[in-house]
Amino acid sequence: MEQLIIEGGRLVTPQGVREGTVVVNDGKVAALLGPDAPLPDGPRIDARGRYVLPGLIDTHVHFRTPGLEYKEDWAHGSAAALAGGVTTVMDMPNTRPPGLDEDALRTKAELVAGHAGVDHRFHIGADPANPGLLATLDPDVATSAKVFMAGHHTAPVVFRDRAQLDAAFEAAARGGVRLVLHAEDQQVFDLLDSWRGDPHSYAEYEPHRPRSGAIVAVAQVVELVRRHGTAAHVLHTSSAEEIDLLVAAAREGLPVTFEVTGHHLSFTHADTCRRGPRTRLSPAIRDEPDRERLWQAVLNGEAATAGSDHAPHTVEEKNRPPADAPPGLPGVQELAVSIWTGLRTRAVPADEAARHLVRLMGSGPAALFELPGKGRLEPGADADLVLFDPAERWQMSAADVRSKCGWSAYEGWTFTGRVVTTLRAGRIAWDVRTGLHAPADGRLLPTARRVEAVR
């Protein structure tokens, strides 16, 4: 591969934000040059007026292979990711059949190969019928396991028994596996359902799946982490109380972290009352004070990652009655720009906003999930790069949607900031003017521990 020069951008590096030029050679970042340094020969991309970010990472996507490709697949999911500046994803196990063991994930890797335009890893599904697998899990297959503490339309298995959940935490601690958790308590919801029944409107949806389920579950997670020392990452936090518990546990020294999602940062329960199924999620979207506590966690550096929980469903599925419509929405394309827009709306200076974005979708997830070469703009890193226009204002429409489902909850939104060009391994994979360029040669990534073992 020939050398490529990305000239004159504002580079977001681990040492700070500065003007400069990125030199790419053989798919790697070869050098970061100052603004006055002489430039080597080679083709150039003009990055003036734009931030140059490391390729972004979304550790929470549902690209639906195998079994649910009618509503998303890796070709469309990859296109959506690249249009949003995301070059690496971690895919969830709730497929058909679900990814509950090593053979299932190896089969999944074979199915995805040749169809992915982004690099990737997989979360295995923690199985309440076989929690001991986590003690011996092959790190080449997965180093993280998804735990469903409550069920919904696509949840393959749910930990309803407290002894099984305890066994999973204990086995994961022995195996060095990080648990990623849908932390809501099914027993709380079952109790409420026996009293209230199903929701009949979207105004009833959030009370149908209230914060009490999440708070009880997070308290259980903290206690199990304290008991076993298990590394635990709580997904799609939705309420102020969850975050306060998790921050307090982390301050105690427990290995707990948490994710914020674009949709919980962007919407409130009032939006669901007004817009119905497009923002029907699990966990439910909460109220304005909860959203502001999520933003505080971003600005304070308390949140470890931002994920999209990209979970497309067809329009027909989403238009079922409130009790039957599946939760979830597409979001990998919208994640970075929705966060950027929220930061700038809150008057966060542009350089500071860029650092927050790279921490939440770059260096943070790369470190947490052991993704060598990813998430940092520095010599030796993979040349996954994003040219980001911080000031462009644009309105999203259905025509912009790259997900196979064909719709977005953000249709009609005016965003500030836009992904102009995405490069993966030193090659243009997406350009806003000319569209998708990525070949379907995304890699199944090794973990840091595997790279170290090979050395």
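Bear in mind the structure is a predicted one, so any value in this text is a computation, not a measurement.

(A) Fine view of the sheet that holds strand β7 (residues 86–91). Sheet architecture is open: three strands sit in the order β6-β7-β8, paired in parallel fashion. In this open sheet, the two strands that pair with only one neighbour each are β6 (56–61) and β8 (119–122). Across this sheet, the average inter-strand angle for adjacent strands is 20 degrees, counted without regard to direction. Taken strand by strand, helix α2 (residues 102–112) contacts β7 and β8, and its axis lies near 160 degrees from that of β8.

(B) Up close: the sheet that holds strand β13 (residues 256–261). Reading across the sheet, the six strands line up as β9-β10-β11-β12-β13-β14 and stay open at both edges, with parallel pairing between neighbours. The sheet is open, and its two borders are formed by β9 (124–125) and β14 (305–307), each paired with just one other strand. Across the face of the sheet, helix α3 (residues 162–175) comes into contact with β10 (144–148), β11 (178–182) and β12 (232–234) while running at roughly 150 degrees to β11. Sitting on the sheet, helix α6 (residues 211–228) is in contact with β11, β12 and β13, with an inclination near 170 degrees to β12.

(C) Just the UniProt feature "domain: Amidohydrolase-related" (unreviewed entry) in the protein chain, in detail. The UniProt entry lists residues 51–428 under the feature "domain: Amidohydrolase-related" (unreviewed entry), expressed in the numbering used here. Annotated as residues 51–428, this span is 37% helix and 18% strand, and its ends, taken at the C-alpha atoms, are 16 Å apart.

(D) Fine view of the packing of aromatic side chains. Counted according to the given criterion, the structure contains 10 aromatic pairs. Where Phe63 meets Trp74, the ring centres are 4.8 Å apart and the plane angle is 85 degrees; that geometry is what we call edge-to-face. Within this pair, whereas Phe63 is found in the loop between β6 and α1 (74–83), its partner Trp74 is found in helix α1, the two being separated by 11 residues in sequence. An aromatic cluster of three or more residues is present, and its members are Phe267, Trp394, Tyr410, Trp413 and Phe415. Here the guanidinium or amino end of Arg418 rests over the ring plane of Trp394, the centre of that ring lying 4.0 Å away.

(E) Highlighting the pattern of salt bridges. This model, assessed by the stated rule, comprises 41 salt bridges. Here Arg10 makes a salt bridge to Asp351, at a shortest N to O gap of 2.7 Å. In this pair, Arg10 sits in strand β1 (residues 4–13) while Asp351 sits in helix α13 (residues 350–368), placing the two residues 341 residues apart along the sequence. A relative accessible area of 24% places Arg10 in the partly exposed class. In this structure Asp351 comes out as partly exposed when scored by relative accessible area, which is 22%. For Glu302, the salt bridge goes to Arg293, with nearest N and O atoms at 2.9 Å. As far as burial versus exposure is concerned, Glu302 and Arg293 are alike and both buried.

(F) The side chain of His310, seen in detail. Relative to the assigned elements, His310 resides in the loop between β14 and α11 (315–318). His310 gets classed as buried once you look at its relative accessible area, which sits at 1%. In terms of polar contacts, His310 uses its side chain to reach the backbone amide nitrogen of Gly331, at 2.9 Å.

(G) Spatial organisation of empty space enclosed by the protein. The full count for this structure, using the stated rule, is four cavities of 30 Å³ or more. Considering the residues around the largest cavity, the lining is formed by 19 residues, among which His62, His152, Ser282, Asp309 and Ala311 are closest to the centre. Residues of the lining of the largest cavity, tallied by class, amount to five nonpolar, 11 polar and three charged. Looking at the second largest cavity, its volume works out to about 50 Å³. Along the walls of the second largest cavity sit Met149, Phe159, Arg160, Asp161, Arg162, Leu165, Asp185, Gln186, Gln187 and Gln220, which together make up its complete lining. When residues of the lining of the second largest cavity are traced back to their parent elements, those giving at least two are α3 and α4 (186–196). Looking at side-chain class alone, the lining of the second largest cavity contains three nonpolar, three polar and four charged residues.

Calculation rules
Residues numbered from 1 in each chain as written. Predicted model: local features only at pLDDT ≥ 70, side-chain atom pairs only at ≥ 80, totals over all residues. Heavy atoms only, no water. Pairing = 2+ DSSP bridges. Helix = DSSP H or I, 4+ residues; strand = E, 2+ residues; numbered from the N terminus. Axes fitted to C-alpha atoms, helices over the stretch in contact; angles between N-to-C directions. Contact = heavy atoms within 4.5 Å. UniProt positions renumbered as here; feature names shortened; annotations may be inferred. Phe/Tyr/Trp six-rings, centres within 6.5 Å; stacked < 30°, edge-to-face > 60°. Lys NZ or Arg CZ within 6 Å of the ring centre and 35° of its normal. Salt bridge = Lys/Arg side-chain N within 4 Å of Asp/Glu carboxyl O. Buried < 20%, exposed > 50% of the residue type's maximum accessible area, 1.4 Å probe, protein only. Polar contact = N/O pair within 3.5 Å; in protein donor to acceptor, adjacent residues only side chain to side chain. 1 Å grid on protein atoms, 1.4 Å probe; cavity = no way out; pocket = protein on both sides within 12 Å on 5 of 7 lines; lining within 4 Å. Points joined across faces, edges and corners; volume = space filled by probe spheres on them. Nonpolar A, V, L, I, M, F, W, Y, C, P; charged D, E, K, R; others polar.

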